[in-house]
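# Descriptive analysis of the structure
Here is what each chain is made of, one letter per residue.
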Amino acid sequence: MPDALTTSEANHAVLVETEIQAVNEDVNEVHPLTISLCTWYAKCRRDLPWRKTRDPYPIWLSEVILQQTRVDQGLAYWERFLEEFPRVEDLARADSERVMKLWQGLGYYSRARNVHKAAQAVAAAGGRFPSCASELCDLPGVGPYTAAAVASICYNEPVAAVDGNVIRVVSRLLDLELPVDRAPGRGAIEGLAQAMVDRNDPGTSNQAMMELGAMVCSPKAPKCSDCPVASGCLAAARGTALERPVKHTRTRVENVHFTFALHLHPSGDQVWMERRPAGGIWGELWSLPFTETPDEPQKNGLEAKSWGPFKHELSHRRITASCHLSEQGVEGASGRWVDFEDVGEYALHRLMERMWEQIGPEIAGKR
DNA sequence: AACCCGGGGAT
DNA sequence: ATCCCAGGGTT
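Remember, predicted model here, so these are calculated numbers, not experimental data.

## Observations regarding the overall build of chain A
What chain A contains, in helices and strands, is 14 helices and seven strands. Across the 367 residues in chain A, those meeting the buried criterion constitute 48%.

## Description of the protein's contact with DNA strand B
Residues in contact with DNA strand B amount to 24 residues; listed here are only the nearest, Arg70, Tyr108, Trp282, His316 and Arg350. Taken together, the sugar and phosphate atoms account for 58% of what DNA strand B places within 4 Å of the protein. Tyrosine 109 is positioned such that a nitrogen or oxygen atom in its side chain is 2.7 Å from a phosphate oxygen of DNA strand B. Along the lines of polarity and charge, the residues of the surface near DNA strand B split into seven nonpolar, eleven polar and six charged.

## Points about the protein's contact with DNA strand C
Taken together, 26 residues lie near DNA strand C, and Leu66, Gln68, Gly141, Thr146 and Asn165 sit nearest. When atoms of DNA strand C within 4 Å of the protein are split into backbone and base, the sugar-phosphate part holds 70%. A distance of 2.6 Å is found between a phosphate oxygen of DNA strand C and a side-chain nitrogen or oxygen belonging to threonine 146. Here a phosphate oxygen of DNA strand C and a backbone polar atom of glycine 164 are 3.2 Å apart. Those elements that place two or more of their residues in the surface near DNA strand C are helix 9 (144-155) and helix 10 (164-173). For the surface near DNA strand C, a count of residues per class yields eleven nonpolar, eight polar and seven charged.

## Observations concerning the nonpolar core
The biggest cluster of nonpolar side chains holds 70 residues, and the ones touching the most others in it are Trp60, Phe260, Leu262 and Trp282. For this core, the domains that each give at least three residues are domain 1 (7-243) and domain 2 (254-365). With residues up to four places along the chain from it excluded, the contact list for leucine 262 reads Val271, Leu288, Trp307, Cys323, His324, Leu325, Ser326, Trp356, Ile359 and Ile363. Counting residues in each nonpolar core, the second largest holds 35 residues, with Ala160, Leu173, Ala195 and Leu212 among its members.

## Thoughts on helix 7 (residues 110-124)
With 15 residues, helix 7 should reach 21 Å at 1.5 Å per residue; the first-to-last C-alpha distance of 21 Å fits that figure. The set of residues buried in helix 7 consists of Arg111, Ala112, Arg113, Val115, His116, Ala118, Ala119 and Val122. Along its buried surface, helix 7 packs onto helix 3 (56-65), helix 5 (88-92) and helix 6 (96-103). Positioned one or two residues after helix 7, glycine 126 has a phi angle of 85 degrees, which is positive.

## Observations regarding empty space enclosed by the protein
Applying the stated criterion to the full structure yields three cavities of 30 Å³ or more. Approximately 110 Å³ is the volume attributed to the largest cavity. In this structure, the largest cavity is lined by 16 residues; those nearest its centre are Arg172, Cys217, Cys224, Cys227 and Cys233. Going through the elements one at a time, helix 10 and helix 13 (234-238) are the ones with two or more residues in the lining of the largest cavity. Looking at which element gives the most residues to the lining of the largest cavity, the answer is helix 10, with three residues. By residue class, the composition of the lining of the largest cavity is 14 nonpolar, no polar and two charged. Taken as a whole, the second largest cavity encloses approximately 50 Å³ of empty space. Along its surface, the second largest cavity is lined by Ala160, Ala161, Val166, Ala193, Met196, Val197, Ser205, Asn206 and Met209. With three residues, helix 12 (residues 202-215) is the largest single contributor of residues to the lining of the second largest cavity.

Rules of the game
- Residues numbered from 1 in each chain as written.
- Chains lettered and ligands numbered in written order.
- Predicted model: local features only at pLDDT ≥ 70, side-chain atom pairs only at ≥ 80, totals over all residues.
- Heavy atoms only, no water.
- Helix = DSSP H or I, 4+ residues; strand = E, 2+ residues; numbered from the N terminus.
- Buried < 20%, exposed > 50% of the residue type's maximum accessible area, 1.4 Å probe, protein only.
- Near = heavy atom within 4 Å.
- Polar contact = N/O pair within 3.5 Å; in protein donor to acceptor, adjacent residues only side chain to side chain.
- Nonpolar A, V, L, I, M, F, W, Y, C, P; charged D, E, K, R; others polar.
- Core = buried A, V, L, I, M, F, W, Y, C linked by side-chain atoms within 4.5 Å.
- Domains from an automatic or database assignment.
- Contact = heavy atoms within 4.5 Å.
- Expected span 1.5 Å × (residues − 1).
- 1 Å grid on protein atoms, 1.4 Å probe; cavity = no way out; pocket = protein on both sides within 12 Å on 5 of 7 lines; lining within 4 Å.
- Points joined across faces, edges and corners; volume = space filled by probe spheres on them.

Quick look at the structure:
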């Protein structure tokens, strides 16, 4: 560290000082960085449909859909859900299979099950959502982030909504060297995030932080020259933005092989499908039955037909799949015979969709 | 605290 | 090829 602070570092010290005073003395004081941030947000924010309402139902639905999911991918799902279920009561009494089908392709399918359960809880309470963040947290699938987002946007509750974007923004503002996925680092992030909440309009300042992370303070190519809070950013001053946030956990990818079995009904126009158990991979989605094998299974040469390999990448697994026509009997209460032309009506995982795209026409054409 | 859960786009 | 996303639940 140089003896003299750079201008940006001096600025930063002043801003942190201001933040402490704001908390201790005047709850109506707005953090200077927040003022710059919200001015930028008012001008540059994306025109997203869930920003046109403060009704907790569509807001909550958007927040859950957008967990670990990009706007471009989630937007169409949000629209389809609201078109089919305009009110939370409509979602509550929907058929579970239909909810899963609407969620198909979005991933993290426990979100769909929890969305359904939470809607039923809200409907049972007269259609009113819990009215503060701590009570929102009691809903299935609603954690600290989603509760804070809904409470700040819908109820003006001054609580920071700290998601991946905010973690990145704040870790750069502070040039935080502590890992953000450990308690001390996380605490430092929460501290500044909470201090930057505009108590007069917490929903706006929260969304401005997230918008900044999404549009300017991006992971790989941050646009510091366009950033409204660059003057208060230590990482920008030191040129360490690309090194933030520091993370302790490393995602390790495991190679696995899934062997799928294609059982054909003697009638010649049905296939055996199974519903995946909740909790595991692709929980409650429909699939051809499969087993996980450590390596590529050796072909025995006796099989009538096989397909693949299909490659499927998940965040933590690299799946190589093959599908084999099976002559063995089927077992298990979780399955049923499905007409070839009805397979597409079921909620399928992505790999199943892609396999069926190849297998379906081939076996249907052989009849 | 560690681990699990999908999918896809940006780089 | 790598990273990581508008996280939450379970153990």
